[in-house]
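Listed here are the chains, written in short residue letters.
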Amino acid sequence: MSASALVPYLQRAEEMSAISENLVAYYCRLYALEKGMRAEDRDDGLLGAIMSQLEKDKPTAGLSGSSEEDSRYCQTFAMKIFKSADRADKAGKASKKTAQAYYAAKLFMDICSHFGEETLPDKWGETKKYALWRSAEITKAIKEGRAPEPPPNDGEEGGSAERESFPPPPPPPADVPATAFPPPTIAAPAPAPQPTATPQPHIPPQQPPSTPVTPAPPMQPTRAPGPPPPVQLTNNAVRDAHKLARYAVGSIGLDAIDDAVEYLRQAVALL
């Protein structure tokens, strides 16, 4: 998986930041970081830039302190975008904008897996496949110069629950600004005050991290399965976060990706 696989999630994060949906933006970037950490061809420069952005975003992200509440918020947000596209589709009013909204909804549903597959509602995976399929079908119809045919309306959101597979989709539709599918107003879990004049910076692909990462301390090449070794922490959160980041880099060198992700999560939590 190349760095280009992370770009759709980073684009969604930029779009959400632009409309002050900072909680969703934060989890889009965090999901991209976790996905990139597990890639065989990791782009350490890009991952470092994402981590730096997460550190900057955390104070204004509106994190509730409860993963259950944050998970519920992200799921609700994803389904609002999906249902908006689904209503237009079934009403015979599908357009390029509808296809883009379906595709964005699928990406927002992806980030919800950060909280654990066990937290996802029934048929979540089926709904994601349906969203991607309808996005592809509408895009194909538009390219062929014909009106998109509405899907069967069986009274359920997302089409028939009995549909088990969908035809392979063509490439996803081109990305557009977030105003193409503005999110509905939903209650945020106690968001922090938002800055008034500082825009979110754009993260260019393959940008080296703003703070050079020092080499990781020597580590054992192998160890028994289980949680990563504990790190001795101090009362200085920034220094401890740097220490955890160095351990994460060392874990990457040993291909201990799960340990690296865990160290990074701990580092982000301190900042």
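For the structure itself, consult the block above.
Residues numbered from 1 in each chain as written. Predicted model: local features only at pLDDT ≥ 70, side-chain atom pairs only at ≥ 80, totals over all residues. Heavy atoms only, no water.

## A short note on the overall build of the protein chain
Here is step 1 of the chain: The helix and strand tally for the protein chain stands at eight helices and zero strands.
Here is step 2 of the chain: Mapped in sequence order, the helices and strands of the protein chain form the string α-α-α-α-α-α-α-α.
Here is step 3 of the chain: Evaluated residue by residue, the protein chain yields a buried proportion of 45% over its 271 residues.
Here is step 4 of the chain: Looking at the protein chain alone, contacts between residues at least 24 apart form 78% of all its contacts between residues at least 6 apart.
Here is step 5 of the chain: A total of about 14,200 Å² of accessible surface is found on the protein chain, and carbon and sulfur atoms cover 54% of it. (Helix = DSSP H or I, 4+ residues; strand = E, 2+ residues; numbered from the N terminus. Buried < 20%, exposed > 50% of the residue type's maximum accessible area, 1.4 Å probe, protein only. Contact = heavy atoms within 4.5 Å. Areas by Shrake-Rupley, 256 points an atom, 1.4 Å probe, with all protein chains shown as cover.)

## Observations concerning the environment of L46
Here is step 1 of the chain: With respect to the helices and strands, the residue L46 is situated in helix 3 (residues 44–57).
Here is step 2 of the chain: Taking the relative accessible area as the measure of exposure, L46 reaches 2% and is therefore buried.
Here is step 3 of the chain: Along the backbone, L46 and L33 are 13 residues apart, and their C-alpha atoms lie at a distance of 8.9 Å.

## Focus on the pattern of salt bridges
Here is step 1 of the chain: Evaluated as defined, the whole model comprises ten salt bridges.
Here is step 2 of the chain: In this structure, D110 and K128 form a salt bridge, with 2.9 Å as the shortest nitrogen-oxygen distance. With D110 in helix 5 (residues 96–111) and K128 in helix 6 (residues 124–143), this residue pair connects regions lying 18 residues apart in the sequence.
Here is step 3 of the chain: According to the relative accessible area criterion, K128 is partly exposed, its value standing at 21%.
Here is step 4 of the chain: A salt bridge links E144 to R146; its shortest N-O distance comes to 2.7 Å. (Salt bridge = Lys/Arg side-chain N within 4 Å of Asp/Glu carboxyl O.)

## Some details on the packing of helix 2 (residues 22–37) against helix 3
Here is step 1 of the chain: The N-to-C vectors of helix 2 and helix 3 enclose an angle of 150°; their axes lie 10 Å apart at closest approach. By the angle between their directions, the pair helix 2 and helix 3 is classed as roughly antiparallel. Considering how the two elements wind past one another, helix 2 and helix 3 form a crossing that is left-handed. Across the interface between the two elements, Y26, R29, L30, A32, L33, G36 and M37 of helix 2 pack against L47, I50, Q53, L54 and D57 of helix 3.
Here is step 2 of the chain: Residues of the contact of helix 2 with helix 3, tallied by class, amount to eight nonpolar, two polar and two charged. (Axes fitted to C-alpha atoms, helices over the stretch in contact; angles between N-to-C directions. Parallel < 35°, antiparallel > 145°, perpendicular 65-115°, else oblique. Left-handed = near helix turned anticlockwise from the far one by under 90°. Nonpolar A, V, L, I, M, F, W, Y, C, P; charged D, E, K, R; others polar.)

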